[in-house]
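Take a look at the letters that make up each chain.
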Amino acid sequence: MNALFRKAYRDLTHRRLRSLLTIGAIAIGVAGVVAIVSTAQNLTRAQVAAYANASQADITFWVWDAPLTTERALAELPNVAAAELRNNYFTRCKWNGVNRDVYLIGIESFSAQRINQIRLFDRVPKLGEFVAEGTVRDLFPVTDGDEIICRARDGGTRALTLVGFAASPNYPTATVLDFATIYAPADDVQRLLGIGGANQALIKVDDYAPIRETARAAERLFQRRGIDHGAPDVRDLQNFLGKRELDALFVLLAVFSAVGIVTSGFLVANTLAAMTAEQVGEIGTMKAVGATRGQVLVVYVVAAAMFGVGGTVIGTILGTAASWRLMAYIGAFLNLDPGYAISPDAIALGIAIGVGVTILPGAVPAISATGIRVKQALEAYGITSTYGQGRVDRALQKLVALPPLAAMSIRNLARRKTRSIITTAVIAVAVAASLAAQSTSASIDAAVDGLFETFHADAWAWFDQYVGSNFVASFRAVEGVQAAEVWTLADAWVGTDRVRVWGLPIGTALYSPRLVEGRWLNAGELDAVVISTDLAQKQNLRVGNTLTLEIAKERRAFSIAGIVIDNSIFLGSTVAGKIFISEEVVERMQDRQGWAYFFALGFDAHDPATVELRLGELAARFKKFQMGSGSAYREVKGAKEQSRILSYALIAMSLLIGAMGALGVLNTLTLNVLERRREIGVLRAMGARDGQIAQVFLTEGIALGLGGWFIGILLGYPLGLFFISLMQAVLFHIDFIYSPAMLLISFIFALLIALVGSLAPAIGAARMRVGQALRYE
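This one's a predicted model, so the numbers in the text were calculated from it and none came from an experiment.

## Quick notes on helix H22 (residues 740-766)
Right, on to step 1. The terminal C-alpha atoms of H22, which comprises 27 residues, lie 37 Å apart, in line with the 39 Å expected from a rise of 1.5 Å per residue.
Right, on to step 2. Along H22, the sharpest change in direction is near 35° and occurs at Leu 759; proline Pro 761 comes one to four residues later.
Right, on to step 3. Where H22 is concerned, the buried positions are Met 742, Ser 746, Phe 749, Ala 750, Ile 753, Ala 754, Gly 757, Ser 758, Pro 761, Ala 762, Ala 765 and Ala 766.

What follows is the structure, given as structure tokens:
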């Protein structure tokens, strides 16, 4: 048995380049699996740690001017583990001479934080000072000592000085939010708000199961104390910041890893088939001296296992390193301190796949080798004696339209049909993966670009107090404002799923529904809703079904009139979908008929500069209401920032699969050069130049690339559809895009794979001298 192992080892080391290429292909597949499983486990651990260490709020209320004694009263409610009052205020501040959007959070005691804790990097800010969330430095230049001048609710200003930075676990980065978050003493924020109490209540519960009843108990407490409050925002345990986007990332990585594993299986089969073809004589000799079929099988199965072990070791190291880097990126993206721990599960799965993916496909040529007879083996000379007798061989021999060397190159591919077919299949998989990646990336980009195509509003404005619904006339009276409507955004529940309710005027001009089923709401219709495709898919709802909607304390049954595509829920969303309902109905359910606080606006121009100009003018005009605002272009910009990680993953995985395709071409042509050294010597003796020798093998590589491209474009379309279906399952509705430009790019990609893989063997063949070639045995 030891002799068999030694022979298997010598076979691998005899062709070092070929062995290294095959091991590299296996390593790529294993690395993908290890990276996915390890990253997922580390991310889950980091999220749990962040929630535990930062003590994320389970229930959040907007309140108005709540006295500090309310904090103790909330903490004494049943099932409340901790309660804390804070202040928050979104305004414009002049920062280094530039007006910036700033979100201020006022904390009563930085040393006694119990909920939504932040970690200070520097000292505690005093009155008139603040610390900035650390990623603000990625948004614009910031240094200690910066002074900002913030606009107060009453129209005045207040200056604050930057004295340090802080980390906010599980809070979006400034580049994602496109505004700065800062932390200051509660007194400073209260002065900006013009109140003496808090405007936010945070609650942490002991037991999540009765959390809805705990929220209602808190509402009753606010009512008894005469504290104005909004609906509770309840944390969903099944979701966390960016979960959908990370789920999509893991799905992509899983699919590409599967493609990589399949490709590496092809390469292993190709390599072992080449080994058995080269060693037909050795196999005959082994059998002649008494070797059994089982012993011959062991030699090549052991060789396959050695490939697997080598690829698994390298792949595990690469996958662990890739996971560490990916966790660092995700941690920066989600404001997490992820740390890193090696995952035993990931390593175990990588070993199982790495060894299994080599032994299983390697067994096919190994079993084929055991069937070689002694006489057949000892009489064989590399190329089978049946070459030229098959239909394909005869068809290729009739090629006359090509130059002689090119025609010879094409015919040579038929001499090792299995090897050529496997290599073509590897290239086809790479091309199909490239097409699928292109179509998925383009489809997601188009979906992001179209996030607000259904919205004809350029911006939204809101106040921190109710105003009359007729306030829309005040907006319309401002120069540049062409349309204004009262809208409502509210969180609600449908069963156990949290949803976002959009209350719109029935005849809205600022929202254009993209219906996929049913109809839009009719005038005077008080018992109908339109839902988004997300919610329809999540709860298996259809037009005509009835759903029960719970907003605050109100529960009502509605009939589903239509289903729309609306993708404008993205990073950090913990809602299952949207429900569109008449603004009048929402006002009744919230017991605020005739009152509003949220408005949709359309301007005379839609470019960012004009939108910002108009919002600035509106903020100045209605400064006593302390208007907050958001714009459609910012939402799209933020969504693109959030989808960037998916695009990077698609590009990276496409390049890796392409590299594996190039490895396949390199492997095949290297074998072709080795097998045909005498032929190269004969061509040299006949006067063939270096360029002509190289042309033979470059043409073979390009022919393999073209064949792989043709098959790849047939596979790319269904693979792209499959990718999109996976993305829709974790993200939202995505229209599939597959353009002629993608075919052109995939054609160039296939040629690059072929050329990169062909170059080294072609140069090696061109450098071979006549004597060296003719002495080869």
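## Some points on the confidence of the model for the chain
Right, on to step 1. Averaged over every residue, the pLDDT of the chain is 79; the share at 70 or more is 80%.
Right, on to step 2. Counting contacts from residues 381-385, a segment whose pLDDT is below 50, to residues more than four positions away or on other chains yields four contacts.

## Focus on the pairing of strand E13 (residues 497-504)
Right, on to step 1. Counting buried residues in E13 gives seven out of eight residues, a clear majority hidden from the surface.
Right, on to step 2. As defined by bridge partners, strand E12 (residues 481-494) adjoins E13 across seven bridges and the pair is classed as antiparallel. Residue pairing for E13: Val 494 is matched across the bridge by Asp 497.
Right, on to step 3. Counted along the chain from E12 to the antiparallel partner E13, the turn is two residues long, and its residue Gly 495 has a positive phi close to 65°.
Right, on to step 4. Bridging between E13 and strand E18 (residues 578-582) involves five bridges; their strand directions are parallel. The residue of E18 that forms the bridge with Trp 502 is Phe 580.

## Concerning the environment of Ile 579
Right, on to step 1. Looking at the element boundaries, Ile 579 is found in strand E18.
Right, on to step 2. Sequence separation between Ile 579 and Val 501 is 78 residues, and the spatial gap between their C-alpha atoms is 4.9 Å.
Right, on to step 3. Contact partners of Ile 579, with chain neighbours within four places excluded, come to Val 494, Val 499, Arg 500, Val 501, Trp 502, Val 529, Val 530, Ile 531, Leu 535, Leu 547 and Leu 549.

## Considering the pattern of salt bridges
Right, on to step 1. The tally for this structure, following the rule as stated, stands at 18 salt bridges.
Right, on to step 2. Between Arg 212 and Glu 550 there is a salt bridge, with its nearest N and O atoms 2.5 Å apart. Of the two residues, Arg 212 sits in helix H6 (residues 211-224) while Glu 550 sits in strand E16 (residues 546-551), which places them 338 residues apart along the sequence.
Right, on to step 3. The buried category is assigned to Glu 550, whose relative accessible area is 9%.
Right, on to step 4. The closest approach of N and O atoms between Glu 550 and Arg 555, which form a salt bridge, is 3.2 Å.
Right, on to step 5. Connected through salt bridges with shared partners, the residues Arg 212, Glu 213, Arg 216, Arg 220, Glu 550 and Arg 555 form a single ionic network.

Reading guide: rules and limits
- Residues numbered from 1 in each chain as written.
- Predicted model: local features only at pLDDT ≥ 70, side-chain atom pairs only at ≥ 80, totals over all residues.
- Heavy atoms only, no water.
- Helix = DSSP H or I, 4+ residues; strand = E, 2+ residues; numbered from the N terminus.
- Expected span 1.5 Å × (residues − 1).
- Bend = angle between axes of the 7 residues up to and from the residue.
- Buried < 20%, exposed > 50% of the residue type's maximum accessible area, 1.4 Å probe, protein only.
- pLDDT = per-residue confidence, 0-100.
- Contact = heavy atoms within 4.5 Å.
- Pairing = 2+ DSSP bridges.
- Salt bridge = Lys/Arg side-chain N within 4 Å of Asp/Glu carboxyl O.

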